[in-house]
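These are the residues of each chain, in order.
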Amino acid sequence: MTIAENIQAIRGRMAAAAQRAGRDPGEILLVGASKMNDAAACREAVAAGIDALGENRVQEMTAKLQEHAYDGAPLHFIGHLQRNKVRQVVGTASLIHSVGSLELLEEIRRQAEKRALVQDVLLEVNIGGEPGKSGFAPDSLRDAAEQAAAMPHVRIRGLMTIPPIQREPHGNLPFFAKVARLYVDIGRDLYDNKFDCLSMGMSDDFEDAIEAGATMVRVGSAIFGHRHYQ
Ligand SMILES: *Cc1c(COP(=O)(O)O)cnc(C)c1O
C-alpha cells in the first residue's frame, strides 16, 4: 500500500466513525505523525491531501524543513518540547499540541511576544494521571486554562491527550470521553465556546477518538508504515 492509498483508507474509516457518531466528517482533520519518516514520505502525504503534518523532534523538523518536506500543508508540533527549543518552534509550527506545563506555556508566550505573533497551542492533558508523563493533571487543568486565557501572544485552541496504553479493544474510549468532557466544559466556562481543536486518537484508536468527539487525529504508522527505531 502506498502512502496515498493508506490516507484514502484512513479517510474512509474516519468518515464512517464520524457518521456512527452523527458528526460531520468534514470537521475532523487528519494530522500525519511523520516522525522518523523522510522528507519524500512527507511530500507524498502532502500530495495525497493530508490536512497537516505533525513532528516530534525539533532537530528532525528543522532538517526536514530545509528539504521542503511540509510545503503545501500546515506544520504542527506534537512531541515533547523542551523549553530551550521553543524558539525554533514558535512561529514555525502553526499549532503546538503538546503544552503540558505553565512553564512551557510562559516560554512560548515570551518567544511569541519577541516575534510579535500569536502562537496557537493546545493544552496537553495527562488523563490517566500517569507519573512521569507530560501533560496537566485533570484536576489542575481548569486552573491552568484560566491562567492561559489571560496570556497575550498565545491562543489556546483546545486540548490534546495521549491515554495510558490499554490492552483491551476500545480501552481508550473512557479516557477520550473524559477529555472530551473537559474540552466542552472548559471551552464553555473559560473560552466563550471558542475551542475548536480536540486532538486525540492515533493509528490504533482514532475511530474511538472520533466517536468521543476528536476534531484532529494524529496518525503515524497507519499512514507511513512501521517506524524503525535504532
Ligand atoms: C507517533 C505519535 C503519534 C502517531 O502514532 P501511531 O501509533 O504511529 O499512529 C501520535 N501522536 C504523537 C504525539 C506521536 O508521538
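Scroll up to find the structure.
Residues numbered from 1 in each chain as written. Predicted model: local features only at pLDDT ≥ 70, side-chain atom pairs only at ≥ 80, totals over all residues. Heavy atoms only, no water.

Another aspect to go through is the site of the ligand. In the vicinity of the ligand, the residues found are Ala33, Lys35, Asn56, Ile78, Ile162, Met202, Ser203, Arg218, Val219, Gly220, Ser221 and Arg227. Within the side chain of Arg227, a nitrogen or oxygen atom sits 2.8 Å from an oxygen atom of the ligand. When the ligand is considered free in solution it has 390 Å² of accessible area, and contact with the protein chains removes 89% of it. Looking at the shell around the ligand, its residues break down into five nonpolar, four polar and three charged. (Near = heavy atom within 4 Å. Polar contact = N/O pair within 3.5 Å; in protein donor to acceptor, adjacent residues only side chain to side chain. Areas by Shrake-Rupley, 256 points an atom, 1.4 Å probe, with all protein chains shown as cover. Nonpolar A, V, L, I, M, F, W, Y, C, P; charged D, E, K, R; others polar.)

Counting residues in each nonpolar core, the largest one holds 64 residues, and the members touching the most others are Leu30, Ile50, Ile96, Ile108 and Ile223. Aside from chain neighbours lying at most four places away, what touches Ile108 is Val86, Val90, Ile96, Val99, Gln119, Val121 and Val154. By size, the runner-up hydrophobic cluster in this structure holds seven residues, among which are Val31, Leu122, Met160 and Met216. (Core = buried A, V, L, I, M, F, W, Y, C linked by side-chain atoms within 4.5 Å. Buried < 20%, exposed > 50% of the residue type's maximum accessible area, 1.4 Å probe, protein only. Contact = heavy atoms within 4.5 Å.)

Across all of its chains, the model carries two aromatic pairs by this definition. Between Tyr183 and Phe195, the aromatic rings sit 5.6 Å apart at their centres with planes inclined by 25°, giving stacked as the arrangement. Remark: Phe195 occurs in the loop between α7 (173-190) and β7 (197-199) and Tyr183 occurs in helix α7; sequence separation between them is 12 residues. The two residues Tyr183 and Phe195 agree in class, both being buried. Three or more aromatic residues link up through ring pairs in this structure, and these residues are Tyr183, Tyr191 and Phe195. (Phe/Tyr/Trp six-rings, centres within 6.5 Å; stacked < 30°, edge-to-face > 60°. Helix = DSSP H or I, 4+ residues; strand = E, 2+ residues; numbered from the N terminus.)

Here we come to the pairing of strand β2 (residues 52-55). Neither face of β2 is left uncovered, since the one carrying Ala52 and Gly54 and the one carrying Leu53 and Glu55 both have all their residues buried. Two strands pair when backbone bridges link them, and strand β1 (residues 29-33) and β2 are joined in this way by three bridges, in the parallel orientation. Along β2, the bridge assignment pairs Ala33 with Gly54. Traced from β1 through helix α2 (residues 39-47) to β2, the parallel crossover comes out right-handed. (Pairing = 2+ DSSP bridges. Right-handed = clockwise from strand over helix to strand, strands pointing away.)

Bringing the environment of Arg43 into the picture now. Following the sequence through the fold, Arg43 ends up in helix α2. C-alpha of Arg43 to C-alpha of Thr62: the two residues are 19 residues apart in sequence and 15 Å apart in space. In this view, Arg43 contacts Glu67, His68 and Ala69; residues no more than four positions away in its chain are not counted.

Assignment of secondary structure puts Ala45 in helix α2. Ala45 sits in the buried class, given a relative accessible area of 0%. Distance in space between the C-alpha atoms of Ala45 and Leu104 is 30 Å, their sequence separation being 59 residues. Those residues in contact with Ala45 that lie beyond four places of it in its chain are Ile3, Ile7, Ile50, Leu53 and Phe224.

Before going further, it helps to examine the pattern of salt bridges. All told, the structure shown has 18 salt bridges when counted by the stated rule. Note that Asp51 and Arg11 form a salt bridge whose closest N and O atoms lie 2.8 Å from each other. In this pair, Asp51 is assigned in the loop between α2 and β2 and Arg11 in helix α1 (residues 3-20), connecting sequence segments 40 residues apart. When its relative accessible area of 24% is taken as the criterion, Asp51 is described as partly exposed. A relative accessible area of 27% places Arg11 in the partly exposed class. Of the charged contacts, one joins Lys64 and Glu55 as a salt bridge, the two residues approaching to 2.6 Å between their closest N and O atoms. Neither Lys64 nor Glu55 differs from the other in exposure class; each is buried. Taken together, the shared-partner salt bridges in this structure form one network comprising Arg142, Arg181, Asp185, Arg188 and Asp189. (Salt bridge = Lys/Arg side-chain N within 4 Å of Asp/Glu carboxyl O.)

Attention now moves to the side chain of Ser98. Counting through the fold element by element, Ser98 comes out in strand β4 (residues 95-99). With a relative accessible area of 4%, Ser98 lands in the buried category. A polar contact is formed between the side chain of Ser98 and the backbone oxygen of Gly79, at a distance of 2.5 Å. Setting aside its immediate chain neighbours within four residues, Ser98 contacts Phe77, Ile78, Gly79, Leu104, Leu122, Glu124 and Met160.

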